[in-house]
Amino acid sequence: MTVGRRQVLSGIAASALLLARPALAVTSEEDVRALRLYNPHTDESFRDIYYADGGYLPDALSRLDVFMRDHHSGSVGLMDPGVHDILWRLQNRYLQVYGREVTINIHSAFRTRETNEMLRPEGAAQNSLHMRAKAVDVSVQGLGIYFLADQAPRVGAGGCGIYMRSQFAHLDTGPKRSWTQPLW
Ligand SMILES: [Zn+2]
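## Overview of the nonpolar core
Inside soluble globular proteins, nonpolar side chains tend to come together where they are buried.
And then number 1: Judged by nonpolar contacts, the single largest core of 33 residues is most densely connected at Val136, Ala169 and Leu171.
And then number 2: Put simply, the parts of the chain that give this core at least two residues each are strand E1 (33-39), strand E2 (44-52), helix H2 (58-67), helix H3 (81-98), strand E4 (104-108), strand E5 (135-140), strand E6 (159-163) and strand E7 (168-172).

See below:
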C-alpha cells in the first residue's frame, strides 16, 4: 500500500514538474489576487488580477514577467509566481493595518548574470536568487521602511533582507533566512 501511494504521489510530482506554472491549492478567500505595482526604473505600472478561480492567469503572468524584466539588459525571466503571492500578502498586510490599498515599488526583480555581476559592488550576492527570477527588492509608496521591515518576514518569504540605508526589502522564495543592513 505504501509503495503504491508513493508511486501515485511521485506520478503527481512528475506531472507537476511538466507544468511550467503548477497551480497551488488555496482557500476560497484567496480566489482572486490582484497586484498594484510600480517600477521606478521603467516608469511602468502593473495593476491587475493575476490569479482567479483557483489558478494563475497566464496572460497576467507573462505581463508580470515583462514588467519585472532586467531593465539593464532588457532580458525577460520567468518569474516564480510565489514571488507575486508574497507581494500580494504584503499588500494585504497594509490594507489590514492601514486600511490603504498601497502600491509596491519594484526596484529589482529578474537579473541576468551580467547585470548581477555589475551590481556586486552595490551588495548583490554572487548566487543571487534574482538570477533565478525568485527575488524582488521592494519599497511601499508613501510609507517608510519600518512597517515594511516589520511585515516582510511575515508574508511567506524564504529570504528576507532589510536594507535600511537604501530603504527597501529583498524578498525571495528561497530557503528561510534573514539579514539586515544597518543605517550606517
Ligand atoms: Zn534583492
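Alright, that's what it looks like, and here's the rest.
## Observations regarding the sheet that holds strand E3 (residues 55-56)
And then number 1: An order of E3-E2-E1-E4-E5-E7-E6-E8 is seen for the eight strands of this open sheet, with the pairing classed as mixed. For this open sheet the edge positions go to E3 and strand E8 (177-181), each flanked by a neighbour on one side alone.
And then number 2: The sheet contact formed by E5 and E7 spans four bridges and is antiparallel. Looking at the pairing, valine 138 lines up with alanine 169 of E7.
And then number 3: Across the sheet, H2 touches E1, E2 and E3, and the angle it forms with E2 is around 150°.
And then number 4: Packed on one face of the sheet, H3 meets E1, E2, E3, E4, E5 and E7 and runs near 95° to E1.

## Description of the confidence of the model for the protein
And then number 1: Per-residue confidence for the protein gives a mean pLDDT of 86; residues scoring 70 or more make up 83%.
And then number 2: Taken together, the stretch residues 1-23 has pLDDT below 50 and engages in seven contacts with residues farther than four places along the chain or on a different chain.

## Comments concerning the pairing of E1
Consecutive side chains along a regular strand alternate between the two faces of the sheet.
And then number 1: Bridge count between E1 and E2: seven bridges; the pairing is antiparallel. Note that in E2 the partner of tyrosine 38 across the bridge is serine 45.
And then number 2: Between the antiparallel neighbours E1 and E2 lie four residues, among them aspartate 43 with a positive phi of about 60°.
And then number 3: Strand direction decides the pairing type here: E1 and E4, joined by two bridges, are parallel. If you follow tyrosine 38 over to E4, its bridge partner there is asparagine 105.

Parameters at a glance
- Residues numbered from 1 in each chain as written.
- Predicted model: local features only at pLDDT ≥ 70, side-chain atom pairs only at ≥ 80, totals over all residues.
- Core = buried A, V, L, I, M, F, W, Y, C linked by C-beta atoms within 7 Å.
- Buried ≥ 20, exposed ≤ 12 C-beta atoms within 10 Å, placed from the backbone.
- Helix = DSSP H or I, 4+ residues; strand = E, 2+ residues; numbered from the N terminus.
- Pairing = 2+ DSSP bridges.
- Contact = placed C-beta atoms within 7 Å.
- Axes fitted to C-alpha atoms, helices over the stretch in contact; angles between N-to-C directions.
- pLDDT = per-residue confidence, 0-100.

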